[in-house]
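# Structural description and commentary
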Amino acid sequence: MKIFLDSANLNDLKKAYATNLIDGVTTNPTLASIEGYPSFEKLTHDILSIFTKPMDVVNFEVASLDAKTMIEEGIKLASLSKHVVVKVPVTQDGLIACKELTKRGIRVNVTLCFSPTQALMAAKAGAYFISPFVGRLDDQNEDGMRLIEQIKKIYTNYGMKTQILVASIRGPHHVMEAALLGADACTIPYSVFEKLFRHELTDVGINKFLDDWKKTKFKIK
Ligand code: G3P
């Protein structure tokens, strides 16, 4: 399963990238707005300068609502680098833009997905990724992971190639459930990324091993 960082924070992106355990990044207008970049050009430049390995994926989102402008914005974003995947919202216009951008060889991430039929239509429009927002569904007392299960079933039924990118992740439990359901990717905040490695019993175990090792006076080198 691919792991993306859901962030526009350069420090967090660099720290996560240095582990060689992330496959890319997703950004959105909200994430862009909280980091204080002087311009969108600076944001795209700085983020693209981190993600340089051949298979790295960098998701940038369009910021318009009509298909024509979304297509123009998508073409511009994709021209920045071969790593770019263009995010469009799952609206009628968004899917028209998705189809056209896909036809031009540009990978599209259809975002803000909250229903199985939205995911079905995104796949029909040729989306490279569909981004269901599980946390926001959970927040309003719906079942975010049930949506992933439904989309997985639909895509499997019809051999649809669109990859399921689980978004709006609130904790490691979402990552685990996504992996169990066979989702293709997760995008996570840095705070969740750190938690994926951690377990209290691992820390307890390490301390015990180190204490006992000191007692032996052994040396490895
Ligand atoms: O990248 C979009 C999505 O992950 C946003 O998550 O936390 O704003 O619901 P959140």
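Presented here is an overview of the structure given in this document. Everything numeric here is computed off the predicted structure, so don't read it as measured data. (Residues numbered from 1 in each chain as written. Predicted model: local features only at pLDDT ≥ 70, side-chain atom pairs only at ≥ 80, totals over all residues. Heavy atoms only, no water.)

## Quick look at the pairing of strand β4 (residues 84-89)
Of all six residues making up β4, six are buried, and the element is well covered by its neighbours. Taking every second residue as pointing to the same face, both faces of β4 are buried, with V84, V86 and V88 on one and V85, K87 and P89 on the other. Pairing analysis gives four bridges linking strand β3 (residues 57-61) to β4, with the strands arranged parallel. Opposite E61, over in β4, you have K87 as the bridge partner. Following the backbone out of β3, through helix α4 (residues 67-79) and into the adjacent parallel β4, one traces a crossover that is right-handed. Both β4 and strand β5 (residues 108-113) contribute to a ladder of four bridges, which runs parallel. Looking at β5, one finds that V86 is bridged to V108. Taken together, β4, helix α5 (residues 92-103) and β5 constitute a β-α-β crossover, and its handedness is right-handed. (Buried < 20%, exposed > 50% of the residue type's maximum accessible area, 1.4 Å probe, protein only. Helix = DSSP H or I, 4+ residues; strand = E, 2+ residues; numbered from the N terminus. Pairing = 2+ DSSP bridges. Right-handed = clockwise from strand over helix to strand, strands pointing away.)

## Comments concerning the side chain of S7
Along the chain, the position of S7 falls in the loop between β1 (2-6) and α1 (10-18). For S7, a relative accessible area of 7% puts it in the buried group. Only 2.9 Å separates the side chain of S7 from the backbone nitrogen of N9, close enough to count as a polar contact. With residues up to four places along the chain from it excluded, the contact list for S7 reads D12, L13, V25, T26, T27 and L31. (Polar contact = N/O pair within 3.5 Å; in protein donor to acceptor, adjacent residues only side chain to side chain. Contact = heavy atoms within 4.5 Å.)

## Describing the site of the ligand
As a structural note, the neighbourhood of the ligand is formed by D6, N28, K87, F133, R136, A167, S168 and R170. N28 places a side-chain nitrogen or oxygen 3.4 Å from an oxygen atom of the ligand. For the ligand, whose unbound accessible area comes to 310 Å², protein coverage reaches 81%. Per-class residue counts for the shell around the ligand are two nonpolar, two polar and four charged. (Near = heavy atom within 4 Å. Areas by Shrake-Rupley, 256 points an atom, 1.4 Å probe, with all protein chains shown as cover. Nonpolar A, V, L, I, M, F, W, Y, C, P; charged D, E, K, R; others polar.)

## Topic: the sheet that holds β3
Spatial ordering of the closed barrel is given by β1-β2-β3-β4-β5-β6-β7-β8, a layout of eight strands whose pairing is parallel. Adjacent strand axes in the sheet meet at a mean angle of 30°, parallel and antiparallel pairs treated alike. Examined bridge by bridge, β1 and strand β8 (residues 185-188) share four bridges and lie parallel to one another. Paired with L5 across the bridge in β8 is I188. The sheet contacts of helix α3 (residues 40-50) involve β2 (24-26), β3 and β4, and relative to β3 the element is tilted by about 165°. Docked against the sheet, α5 engages β4 and β5, running at close to 155° with respect to β4. (Axes fitted to C-alpha atoms, helices over the stretch in contact; angles between N-to-C directions.)

## What about the nonpolar core?
Among the nonpolar cores identified, the biggest contains 59 residues, and I47 and V110 are the most heavily contacted of them. Sort the elements by how many residues they give to this core and helix α8 (residues 144-157) lands first, with six residues. With near-sequence residues (within four places) excluded, I47 lies in contact with A8, L10, L13, V25, T27, Y37, V58 and F60. By size, the runner-up hydrophobic cluster in this structure holds six residues, among which are F4, V57, F129 and L165. (Core = buried A, V, L, I, M, F, W, Y, C linked by side-chain atoms within 4.5 Å.)

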